Amino acid sequence: MKANTPSPALDWSNASFFNNGPNDVVPAPWAGGASRSFPTDYLNDYKPEDGWEMYFNTFNSSVKVDAPYFVLYNRYRGTMRIYYYFLPKSGVETTQVTFQLDLKGTENKSNILSFDNQEAIDLADLPTTVSKVQQEKIFQSGSWYSEEFQLAYDPSLINKSYTSNQLRWNMFSASVDQVNLDGIQKGEINGTVQTPKPTTSLFGQLVSGAINVGTGGLGLYATGAKVLGNFFSKSFGPVKLENVKKGIDEAANKNLKTGGSSIFNAVSSLVTGGSGGGFSEQKVNLIMDTKMQLNGSISHDPNGLFSTTLFISGTQGLSGAPGNIPNYNGRLGVFNLSAKPKVILRDVTPVVFPPDDIRLQYYQAEYYIDSESFQMVTNPDIINTSLNGASIQNYRQEVVTDDLRSRASYDFDEYPMFEEYMGIDRKVVTGVGSLSFGFWTRSNRPIVVNNLRLGTFVRISFDVVPNNGKPKTTIVKTFAADLVNNF
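Residues numbered from 1 in each chain as written. Predicted model: local features only at pLDDT ≥ 70, side-chain atom pairs only at ≥ 80, totals over all residues. Heavy atoms only, no water.

### Observations regarding the overall build of the protein
Looking only at helices and strands, the protein features four helices and 30 strands. Taking the contacts inside the protein whose residues are at least 6 apart along the sequence as the reference set, 75% of them involve residues at least 24 apart. Carbon and sulfur atoms make up 48% of the accessible area of the protein, which amounts to about 19800 Å² in all. (Helix = DSSP H or I, 4+ residues; strand = E, 2+ residues; numbered from the N terminus. Contact = heavy atoms within 4.5 Å. Areas by Shrake-Rupley, 256 points an atom, 1.4 Å probe, with all protein chains shown as cover.)

What follows is the structure, encoded as structure tokens:
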């Protein structure tokens, strides 16, 4: 193997089988007769025309490998996905598989993994691991397994050595006996469990994580809502479910009116489907917060069933790196924010005539986004004027706060129009650019000011529109914000 050469080329979207050495072949994941053990959303969504590019590959006709895999990267979504073929072997009996993506380098200081483990992203955190548990069994006869993670654009990586931060993929076998979601016990997993906790410490602990649900096309309600309903049962508020369905429906119809409708972390793309590409299907990758406890066991050796470490493209020194380097040479991720956003609270109380009850006082509080506190930073390898580039369109900023009515029983006469649910039962209100509350109260000003210290967030939504005329991708991300109290 020559140093600093790209991994072997692979015609993944057209070939019906892949060579694993000179004598063995493996059917492509989407070929007829192939054994597949991965989410159905990954079955039709892999084509170059939808933005997918080869990132790394081990299949070749010269050397057989014991753990063959290839990795695709979608430049318009900032999503990396691995397809791993589990060769036939004995002794593995489990009910779930777990994929874990780690930062594994000499430094491991990057927010590249911050987009895929929570509804509200805190830029102060630098997660080094994220895990997903799938309801897929290990088949001893051999099968394809696949998982994907969204990556944030980290502009600092271009100035760092390839040794500083690297991406390690792990696959573990797992058995989950019980799933406890916010006090509602379920006997099975529907969808995908995500958590920032390492896999080895996941079971038997209560963690704050997310449910990753893929929905698409005609299966929008039959699949997406059914999965959500099964997962959360009665504990997941019907308002949240209805708003999520509404938001996905808006995205599918290219009509994102409210910026998401209870969607705080999602990527929505129109992809071509079917072997002949004769129809299109809307794919939505949706992340929703919950609290969960998984009681079961995990079976693995120190590296689990599968482990591989990949260099991050667009970093320094790859030309001198040992072994194979990524086939994709651009920087990863679509965008990020330059800093944690700030939301400013100010007093905009107008002059009003005293009511008959002179003990009543009127207040009007406004929360607005401090546009000087952060900037949207886009990846120049994607957002550019080249044929393979894209533009940002329909950019939108919304301020999100906790519901003031959950903090105080004021007599409101002005209230934000849009009410949504973050997580399961955290009610929030949203407004484009700003929102305000107007109310009467007998409480003194210090009490009012204390009640106005609400949790605040900034939701960013926009379309990534390819310059080559291909369908757009809608990205919705919500960031935790610092509240500046000027009331």
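What follows picks up the thread again.
### A word on the sheet that holds strand β10 (residues 143–150)
Pairing within the open sheet is antiparallel, and its four strands lie in the order β4-β5-β6-β10. On the outer flanks of this sheet lie β4 (52–57) and β10, each paired with one strand and no other. When strand polarity is set aside, the average angle formed by the axes of neighbouring strands in this sheet is 20°. Sheet analysis places β4 next to strand β5 (residues 69–74), joined by five bridges and oriented antiparallel. Of the residues in β5, the one forming a bridge with E53 is Y73. (Pairing = 2+ DSSP bridges. Axes fitted to C-alpha atoms, helices over the stretch in contact; angles between N-to-C directions.)

### So, the environment of Q100
You can see Q100 is positioned in strand β7 (residues 96–103). Counting along the chain gives 71 residues from Q100 to M171, while the straight-line C-alpha distance between them is 6.4 Å. A distance of 3.3 Å separates polar atoms of two side chains, one belonging to Q100 and the other to S131. (Polar contact = N/O pair within 3.5 Å; in protein donor to acceptor, adjacent residues only side chain to side chain.)

### Notes on the side chain of N20
For N20, the position within the fold is in strand β2 (residues 17–20). For N20, a relative accessible area of 2% puts it in the buried group. Here the side chain of N20 touches V65 through a polar contact of 3.0 Å, landing on its backbone nitrogen. Beyond its immediate chain neighbours, meaning those up to four positions away, N20 contacts V25, V26, F59, N60, V63, K64, V65 and P68. (Buried < 20%, exposed > 50% of the residue type's maximum accessible area, 1.4 Å probe, protein only.)

### Examining the nonpolar core
Core analysis: the biggest nonpolar cluster contains 70 residues, and L332 and F437 have the highest contact counts within it. Contacts of L332, omitting those with residues within four sequence positions, involve Y55, Y73, M80, I112, L151, A152, Y153, D154, L167, I312, S313 and N379. Listed in part, the 19 residues of the second largest apolar core include W12, A28, Y42 and Y46. (Core = buried A, V, L, I, M, F, W, Y, C linked by side-chain atoms within 4.5 Å.)

### Regarding the packing of aromatic side chains
Summed over all chains, the structure comprises 34 aromatic pairs. Centroid distance W30 to Y46: 3.6 Å. Interplanar angle 0°. Geometry classified as stacked. With W30 in the loop between β3 (24–27) and α1 (41–44) and Y46 in the loop between α1 and β4, the pair connects residues that are 16 residues apart, well separated along the chain. Taking relative accessible area as the criterion, W30 reaches 15% and is therefore assigned buried. Among the residues examined, Y46 registers a relative accessible area of 8% and is labelled buried. (Phe/Tyr/Trp six-rings, centres within 6.5 Å; stacked < 30°, edge-to-face > 60°.)

### Points about the sheet that holds strand β24 (residues 411–414)
Pairing is mixed across the open sheet formed by five strands, whose spatial order is β24-β27-β21-β20-β30. The open sheet is flanked by β24 and β30 (482–486), the only strands paired with a single partner. Each strand axis lies, on average, 25° off the axis of its neighbour in the sheet, ignoring direction. Bridging between β24 and strand β27 (residues 434–441) involves three bridges; their strand directions are antiparallel. Across the sheet, residue F412 finds its bridge partner in β27, namely F439.

### Focus: the pattern of salt bridges
Side chains carrying opposite charge are able to pair once their charged atoms draw close together. Enumeration over the complete set of coordinates arrives at 20 salt bridges. The shortest N-O distance in the salt bridge between E107 and K160 comes to 2.7 Å. Pair noted here: E107 is in the loop between β7 and β8 (120–121) and K160 is in the loop between β10 and β11 (166–181), with a separation of 53 residues, a long-range link. By relative accessible area, E107 is classed as partly exposed at 30%. Classification of K160 as buried rests on a relative accessible area of 19%. Between R445 and D347 there is a salt bridge, and its shortest N-O distance comes to 3.1 Å. Remark: D347 occurs in strand β20 (residues 342–347) and R445 occurs in helix α4 (residues 445–451); sequence separation between them is 98 residues. Given the relative accessible area of 31%, D347 is considered partly exposed. (Salt bridge = Lys/Arg side-chain N within 4 Å of Asp/Glu carboxyl O.)

### A few points about the environment of V267
Mapping V267 onto the fold places it in strand β15 (residues 265–273). V267 sits in the buried class, given a relative accessible area of 4%. Sequence spacing of V267 and I287 is 20 residues, and the spatial spacing of their C-alpha atoms is 9.2 Å.

### Quick notes on the environment of E398
Following the sequence through the fold, E398 ends up in strand β23 (residues 390–402). Measuring from C-alpha to C-alpha, the distance between E398 and V432 comes to 4.3 Å, with 34 residues separating the pair along the chain.

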